[in-house]
4 protein chains.
Amino acid sequence: MGKVLVLYDTETGHTKKMAEYVAKGASKFPVEVRIKSVEEASKEDILWCDGIAVGSPTYLGVMSWRMKKFWDSIVDLWGKIDGKIGCAFSSSGGWGGGNEVACMSILTMLMNYGFLVFGVTDYTGDKFTLHYGAVCAGEPREKEEIKACEVLGERLAQWVLVYVDGKKEYLKNIKNQ
Amino acid sequence: MGKVLVLYDTETGHTKKMAEYVAKGASKFPVEVRIKSVEEASKEDILWCDGIAVGSPTYLGVMSWRMKKFWDSIVDLWGKIDGKIGCAFSSSGGWGGGNEVACMSILTMLMNYGFLVFGVTDYTGDKFTLHYGAVCAGEPREKEEIKACEVLGERLAQWVLVYVDGKKEYLKNIKNQ
Amino acid sequence: MGKVLVLYDTETGHTKKMAEYVAKGASKFPVEVRIKSVEEASKEDILWCDGIAVGSPTYLGVMSWRMKKFWDSIVDLWGKIDGKIGCAFSSSGGWGGGNEVACMSILTMLMNYGFLVFGVTDYTGDKFTLHYGAVCAGEPREKEEIKACEVLGERLAQWVLVYVDGKKEYLKNIKNQ
Amino acid sequence: MGKVLVLYDTETGHTKKMAEYVAKGASKFPVEVRIKSVEEASKEDILWCDGIAVGSPTYLGVMSWRMKKFWDSIVDLWGKIDGKIGCAFSSSGGWGGGNEVACMSILTMLMNYGFLVFGVTDYTGDKFTLHYGAVCAGEPREKEEIKACEVLGERLAQWVLVYVDGKKEYLKNIKNQ
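Note that the structure is predicted; figures quoted are calculated from it, not measured. (Residues numbered from 1 in each chain as written. Chains lettered and ligands numbered in written order. Predicted model: local features only at pLDDT ≥ 70, side-chain atom pairs only at ≥ 80, totals over all residues. Heavy atoms only, no water.)

Asks: What exactly am I supposed to notice about the overall build of chain A here?
Replies: Across its full length, chain A holds five helices and eight strands. For 177 residues, the compact-globule formula gives about 16 Å, and the C-alpha radius of gyration of chain A, at 15 Å, lands near that figure. Oriented by its inertia axes, the alpha-carbon framework of chain A measures out at about 40 × 40 × 25 Å. Within chain A, the proportion of its 177 residues that are buried is 69%. Of the roughly 5400 Å² that chain A leaves accessible, carbon and sulfur atoms contribute 49%. Placing the 22 positive and 23 negative side-chain charges of chain A at their respective mean positions leaves the two points 2 Å apart. (Helix = DSSP H or I, 4+ residues; strand = E, 2+ residues; numbered from the N terminus. Rg over C-alpha atoms; globule rule 2.2 N^0.38 Å. Buried < 20%, exposed > 50% of the residue type's maximum accessible area, 1.4 Å probe, protein only. Areas by Shrake-Rupley, 256 points an atom, 1.4 Å probe, with all protein chains shown as cover. Lys, Arg positive; Asp, Glu negative; His and termini not counted. Charge placed at Lys NZ, Arg CZ, Asp CG, Glu CD.)

Pasting the structure below:
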């Protein structure tokens with residue numbers, strides 16, 4: 001059974017809320033889901049998962065130092081965990097404030113670990129999407145913001161099912177395929 | 001007198017509208033302002049300007065091929081125009097759709113030409129800013145979106161005044177300095 | 001049988017040589033391999049493939065306008081081809097000249113199309129790797145440069161075999177798994 | 001008199017060596033130069049400088065957590081120090097290993113603080129340049145690697161002289177101007 005980890009750092013609680021919606025989205029599918037803050041998570045969680053969503057507040061357009069520290073600290077896993085499936089989410093102080101760019105910093109790091117990373121083409125509302133990961137300005141409140149987080153988790157679960165578990169029937173859940 | 005060029009590509013007219021607001025912002029200050037579409041602009045415009053704002057629709061998270069073609073085509077200027085001041089703007093189909101990332105592709109290109117590039121720290125409304133350039137989802141309609149375009153032009157004019165023209169008195173226009 | 005497309009733009013022939021090595025690498029595995037220049041390729045090639053390696057000269061730290069034009073032009077496929085596996089390669093004028101950054105512009109674009117993108121953790125020589133795609137300064141001449149191109153093609157074929165074809169036995173070919 | 005800060009994190013000493021060469025380059029010009037490790041530096045150093053070169057080992061394609069922590073920790077300065085001139089340097093385990101991408105993460109962060117950031121167009125040897133900051137694979141040993149660090153410091157000093165100090169005569173030092 002596919003295993004999905006939602007790993008987040010949070011300061012104000014906004015990114016934590018996003019993480020909960022991501023986990024909720026993933027849980028709609030037959031995969032095991034763990035949600036952990038960067039303080040709770042350990043190397044074992046990374047080894048355990050097939051797919052991972054990593055979320056951080058948008059600090060200065062780059063993931064928070066705490067999230068970076070976590071990944072810098074488990075670098076002995078590097079080169080041994082290639083091929084996991086990864087994605088990102090981030091909450092910034094405002095639109096145009098770097099949440100997409102912060103997602104890219106997370107995806108850059110996950111690619112460095114040999115992961116396959118993705119964004120989502122689906123729109124979750126009027127003029128709202130998650131091409132490089134789920135993004136919010138502040139707390140996820142609007143319907144389309146919440147749905148973006150959920151869709152990220154859904155898509156992560158779907159790719160794990162389709163690619164890792166080899167359950168091609170879940171391709172039908174992916175838009176327009 | 002400082003010279004500011006606003007260079008844009010547009011398909012639906014959204015980025016053109018952004019360009020007009022950027023030019024309007026710059027025009028509040030004692031600099032010469034030119035606004036040109038990528039089809040109208042020539043090498044001479046690039047040589048002319050001290051500061052430049054480059055705008056493109058967010059096509060696939062990267063500036064449009066037409067904008068890229070313009071800069072690829074004038075590459076004989078490369079290495080001869082270092083030190084201009086540059087910034088970016090982009091309109092995407094939706095939030096989370098890559099407008100920040102497309103701005104980064106423009107800034108990457110301008111840095112390659114030896115330009116000094118910047119974003120703006122100011123907020124232009126509730127949860128709305130332009131840290132990597134002015135961004136919109138679709139047409140600039142909301143007050144904060146329009147203001148973000150204007151503030152980009154203002155700041156570009158201010159940096160040109162302060163740094164290129166040496167008029168330090170304009171530092172007072174820059175937030176909290 | 002898995003299908004791999006190597007799509008490249010070239011001006012001096014350097015990126016074409018890289019493309020040939022990438023194709024050679026992919027051909028070591030039981031997948032069908034097509035190699036096409038951006039002028040020869042069509043929408044049909046994109047529909048055909050399961051995995052794709054996209055290469056461009058490093059023009060100004062961003063893929064060439066010709067490569068961008070190709071992808072901008074087939075945008076009616078957008079939202080219908082999610083889930084392909086993608087990677088990048090680029091040749092710059094020099095080290096530090098933007099080949100990694102240009103690979104990132106390609107990966108950004110492929111993610112926008114809903115693809116899963118990857119780099120490779122393997123080293124191909126002393127102080128030489130391809131974490132964000134295969135990179136060269138000029139023509140691929142040195143053993144480690146040539147090998148980086150080949151390993152990119154190998155890994156692309158391997159991910160297609162493992163994930164798209166469901167042949168988990170090829171996981172053993174992936175370093176340290 | 002213009003003030004230049006070289007701020008670095010280091011683990012193996014490679015990035016420290018780069019920092020020393022950057023500082024040496026800056027010191028060729030009439031500016032004050034401070035060199036500090038991220039452990040020694042304080043908020044006061046950031047307030048003090050007009051221009052800054054920030055260097056980090058390439059950990060996972062993003063600056064080290066220690067460097068990020070420094071900037072996350074002084075965020076009360078944010079919005080009050082716009083307009084400084086910034087650049088980046090990074091040492092990776094290998095070519096293609098993310099040193100350019102890590103420089104981009106640093107430049108992203110500095111732009112968020114409202115800084116004007118730049119790369120250098122000059123080549124420092126055969127097929128060697130520093131378009132997004134000075135980069136090395138391992139220790140800076142080769143002539144062109146050492147020179148790239150020095151040229152980064154020189155250019156930083158030159159931009160501080162030309163733009164902050166208003167000494168336009170230093171434009172002649174900038175290639176082909």
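Asks: What's the story with the relation of the copies chain A and chain C in this structure? I'm lost.
Replies: One chain copy maps onto the other through a rotation about an axis and a shift parallel to that axis. The transformation that overlays chain A on chain C combines an axial shift of 0.0 Å with a rotation of 180°, and the residual RMSD is 0.0 Å. Here the copies are linked by what is in effect a two-fold axis. Relative to the rotation axis, the closest C-alpha in chain A is found at Y163(A), a distance of 2.3 Å. (Least-squares fit on C-alpha atoms with pLDDT ≥ 70 in both.)

Asks: Is there a simple way to think about the relation of the copies chain A and chain D in this case?
Replies: With an RMSD of 0.0 Å, chain A superimposes on chain D once it is rotated by 180° and translated 0.0 Å along the axis. Comparing interface residues between copies, 100% of those in chain A also lie at the interface in chain D; the contact surface is shared. (Contact = heavy atoms within 4.5 Å.)

Asks: Which parts of the structure should I look at to understand the nonpolar core?
Replies: Grouped burial of nonpolar side chains is what soluble globular proteins tend to show. By size, the foremost hydrophobic cluster in this structure holds 276 residues, and its most contacted members are W71(A), W71(B), W71(C) and W71(D). Not counting the four nearest positions on each side in its chain, W71(D) is found in contact with L60(A), L7(D), I46(D), I52(D), V54(D), M109(D), L110(D), Y113(D) and F115(D). (Core = buried A, V, L, I, M, F, W, Y, C linked by side-chain atoms within 4.5 Å.)

Asks: Can you walk me through unusual backbone geometry in this structure?
Replies: Trans peptide bonds make up the majority, and among non-glycine residues the majority have a negative phi. Residues and elements named next belong to chain C. The backbone of L60 shows a phi angle near 60°, a positive value even though the residue is not glycine. Along the chain, L60 falls in the loop between β3 (51–57) and α3 (65–73). Under the relative-accessibility criterion, L60 is labelled buried at 6%.

Asks: I'm lost on the pairing of strand β3 (residues 51–57) of chain B in this one. Help?
Replies: Moving residue by residue along a regular strand, the side chains alternate between the two faces of the sheet. Residue and element names in this part refer to chain B. Taking burial as the measure, the seven residues of β3 include seven buried ones, the bulk of the element. Of the two faces of β3, the one lined by G51, A53, G55 and P57 and the one lined by I52, V54 and S56 are each fully buried. Here five bridges tie strand β1 (residues 3–8) to β3, and the two strands are oriented parallel to one another. When the sheet's bridge partners are listed, L7 is paired in β3 with V54. (Pairing = 2+ DSSP bridges.)

Asks: Explanation requested: the interface of chain A and chain D in the structure shown.
Replies: How big an interface is tends to be stated in terms of accessible area lost as the parts join. In this complex, chain A contributes 20 residues to the contact, which on the side of chain D involves 20 residues. Interface area, chain A with chain D, both sides summed: about 1600 Å², of which 72% is carbon and sulfur. By the criterion of area lost to chain D, the three top residues of chain A are L60(A), W65(A) and K68(A), representing 46% of everything that side buries. On the surface where chain A and chain D come into contact, there are zero salt bridges. Our enumeration of links across chain A and chain D arrives at eight residue pairs in polar contact (both at pLDDT 80 or more). Looking at the side of chain A that touches chain D, the elements with two or more residues in it are α3 (65–73) and α4 (99–112) of chain A. (Buried area = accessible area lost by both parts, 1.4 Å probe. Salt bridge = Lys/Arg side-chain N within 4 Å of Asp/Glu carboxyl O. Polar contact = N/O pair within 3.5 Å; in protein donor to acceptor, adjacent residues only side chain to side chain.)

Asks: What's the story with helix α5 (residues 143–164) of chain A in this structure? I'm lost.
Replies: The periodicity of an α-helix, 3.6 residues per turn, causes residues three or four places apart in sequence to face the same way. All names here are of chain A. Its 22 residues place the ends of α5 31 Å apart at the C-alpha level, agreeing with the 32 Å of an ideal helix rising 1.5 Å per residue. Across the 22 residues of α5, 18 count as buried, placing the element largely inside the fold. Following α5 by one or two positions, G166 adopts a phi angle in the positive range, close to 70°. (Expected span 1.5 Å × (residues − 1).)

Asks: Which parts of the structure should I look at to understand the packing of aromatic side chains?
Replies: Aromatic ring pairs are reported here in terms of the distance separating the ring centres and the angle at which the planes meet. Tallying each qualifying case throughout the model produces 34 aromatic pairs over all chains. Taken together, a centroid distance of 6.1 Å and an interplanar angle of 75° make the contact between F29(B) and Y170(B) edge-to-face. Separated by 141 residues along the polypeptide, F29(B) in the loop between α1 (14–26) and β2 (32–37) and Y170(B) in the segment after α5 (143–164) bring together distant segments of the chain. For the pair shown, F29(B) and Y170(B) are each scored as buried. An angle of 85° between the planes, with centres 5.7 Å apart, marks the rings of F70(B) and W71(B) as edge-to-face. An aromatic cluster is built from F70(A), W71(A), Y113(A) and F115(A), whose rings are joined through pairwise contacts. When the ring centre of W48(B) is taken as origin, the NZ or CZ atom of R34(B), which lies over that ring, is 3.9 Å away. The positively charged end of K172(D) is found above the aromatic ring belonging to Y170(D), 5.4 Å away from the centroid. (Phe/Tyr/Trp six-rings, centres within 6.5 Å; stacked < 30°, edge-to-face > 60°. Lys NZ or Arg CZ within 6 Å of the ring centre and 35° of its normal.)

Asks: How do you make sense of the packing of helix α4 (residues 99–112) of chain C against helix α4 (residues 99–112) of chain D when you look at a structure like this?
Replies: Each packed pair of helices is defined by two parameters, the angle between the axes and the distance between the axes. Two numbers describe how α4(C) lies on α4(D): the axes approach to 7 Å, and their chain directions differ by 75°. Here α4(C) lies roughly perpendicular to α4(D), going by the angle between them. Contact residues: N99(C), E100(C), V101(C) and M104(C) in α4(C); N99(D), E100(D), V101(D) and M104(D) in α4(D). Its residues assigned to classes, the contact of α4(C) with α4(D) shows four nonpolar, two polar and two charged. (Axes fitted to C-alpha atoms, helices over the stretch in contact; angles between N-to-C directions. Parallel < 35°, antiparallel > 145°, perpendicular 65-115°, else oblique. Nonpolar A, V, L, I, M, F, W, Y, C, P; charged D, E, K, R; others polar.)

In short, the description is geometric, and any link to function would need to be established separately.
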